[in-house]
Amino acid sequence: MVRIENEAQYMGALKRVEDLMLKLSDDTPKEDPEMIELVLLGNLVADYEEEHYPIGEPSLIDVIKLRMYEMGLNQVALAKLIGVSPSRVCDYLSGKSEPTLKVGRVISKKLNIDPAIVLGV
């Protein structure tokens, strides 16, 4: 099976994928040789990236910060929303402490965060 074996090959394939993406449109037939090339190279690039540049699961801290941004909340507003003190929110966001199970349930429900992320599983 053919695969990208080093960074130089990866960079070359990535450049070709970018060129093809600019050249082809959504209307390009799937049978077009350049579209076939794009799909094949795209798969090779994705496989290489998955192996060499994996994206891990987000941490609870990262997800809470994202939700705060999305909901326009500061630490004081978040503290009110989940029923803890602002200093406790600061502890959560700095990693000094973790929410209790009870607070974790509230965080999951109020911020719409997957319970698995809250529990760290």
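Peer 1: Any chance you could break down the nonpolar core for me, citing the residues and the numbers?
Peer 2: Counting residues in each nonpolar core, the largest one holds 16 residues, and the members touching the most others are Ile 64, Leu 78, Ile 82, Val 84, Val 89, Ile 107 and Ile 113. Elements with a contribution of two residues or more to this core: α3 (60-71), α4 (75-82), α5 (86-94) and α6 (101-111). Among the elements that line this core, the one with the most residues is α3, at four residues. In contact with Ile 82, not counting residues within four places along its chain, are Val 89, Tyr 92, Val 103, Val 106 and Ile 107. Judged by nonpolar contacts, the second largest core, of eleven residues, contains Tyr 10, Ala 13, Val 17 and Tyr 48.

Peer 1: So what's going on with the packing of α4 against α5? Residues and values would help.
Peer 2: Where α4 meets α5, the axes come as close as 8 Å, and the angle between the chain directions of the two elements is 105 degrees. Overall, the two elements α4 and α5 adopt an arrangement that is roughly perpendicular. Contacts from Gln 75, Val 76, Leu 78, Ala 79 and Ile 82 in α4 reach Pro 86, Val 89, Cys 90, Tyr 92 and Leu 93 in α5. Its residues assigned to classes, the contact of α4 with α5 shows nine nonpolar, one polar and no charged.

Peer 1: Tell me about the packing of aromatic side chains, and name the residues and values.
Peer 2: Pairs of aromatic rings are described using the distance from one ring centre to the other and the angle between the two planes. Under the definition given, this model contains three aromatic pairs. Ring geometry for Tyr 10 against Tyr 53: centres 5.8 Å apart, planes inclined by 40 degrees, an arrangement best described as tilted. Placement of the pair is Tyr 10 in helix α1 (residues 7-23) and Tyr 53 in the loop between α2 (33-52) and α3, with a sequence separation of 43 residues. Here a set of aromatic residues connected by ring pairs shows up, and it is made of Tyr 10, Tyr 48 and Tyr 53.

Peer 1: Before we move on, can you summarise the packing of α3 against α6 with the specific residues and values?
Peer 2: The geometry of α3 relative to α6 is characterised by a closest axis approach of 11 Å and an angle of 40 degrees between their N-to-C directions. Between α3 and α6, the interaxial angle falls into the category oblique. Remark: the crossing between α3 and α6 carries left-handed chirality. Here α3 contributes Ile 64, Arg 67 and Met 71 to the contact with α6, which in turn contributes Ile 107, Lys 110 and Leu 111. For the contact of α3 with α6, the class distribution of residues is four nonpolar, no polar and two charged.

Peer 1: How would you sum up the environment of Glu 57? Please name residues and give values.
Peer 2: Summarising the element assignment, Glu 57 is placed in the loop between α2 and α3. Since its relative accessible area comes to 75%, Glu 57 is described here as exposed.

Peer 1: Describe α2, listing the residues and the values that go with them.
Peer 2: Owing to its 3.6 residues per turn, the α-helix aligns residues three or four sequence positions apart on the same side. Taking 1.5 Å per residue, 20 residues should reach 28 Å; α2 reaches 28 Å between its end C-alpha atoms and fits that length. Within α2, burial applies to Met 35, Leu 38, Leu 41, Val 45 and Tyr 48. Taken end-on, α2 shows its buried residues confined to a sector of 150 degrees, consistent with a single buried face. Turned more than 90 degrees away from the buried face of α2 sit Leu 40 and Glu 50, all of them exposed. Measuring from the side-chain oxygen of the N-cap residue of α2 to the backbone nitrogen of Glu 34 gives 2.8 Å; that N-cap residue is Asp 32.

Peer 1: Now, about unusual backbone geometry: what can you tell me, with residues and values included?
Peer 2: For Asn 112, which is not glycine, the phi torsion reads 55 degrees and is therefore positive. Positionally, Asn 112 belongs in the loop between α6 and α7 (115-119). What makes Asn 112 exposed here is its relative accessible area of 60%.

About the criteria used
Residues numbered from 1 in each chain as written. Predicted model: local features only at pLDDT ≥ 70, side-chain atom pairs only at ≥ 80, totals over all residues. Heavy atoms only, no water. Core = buried A, V, L, I, M, F, W, Y, C linked by side-chain atoms within 4.5 Å. Buried < 20%, exposed > 50% of the residue type's maximum accessible area, 1.4 Å probe, protein only. Helix = DSSP H or I, 4+ residues; strand = E, 2+ residues; numbered from the N terminus. Contact = heavy atoms within 4.5 Å. Axes fitted to C-alpha atoms, helices over the stretch in contact; angles between N-to-C directions. Parallel < 35°, antiparallel > 145°, perpendicular 65-115°, else oblique. Nonpolar A, V, L, I, M, F, W, Y, C, P; charged D, E, K, R; others polar. Phe/Tyr/Trp six-rings, centres within 6.5 Å; stacked < 30°, edge-to-face > 60°. Left-handed = near helix turned anticlockwise from the far one by under 90°. Expected span 1.5 Å × (residues − 1). Arc of directions from axis to C-beta. Polar contact = N/O pair within 3.5 Å; in protein donor to acceptor, adjacent residues only side chain to side chain.

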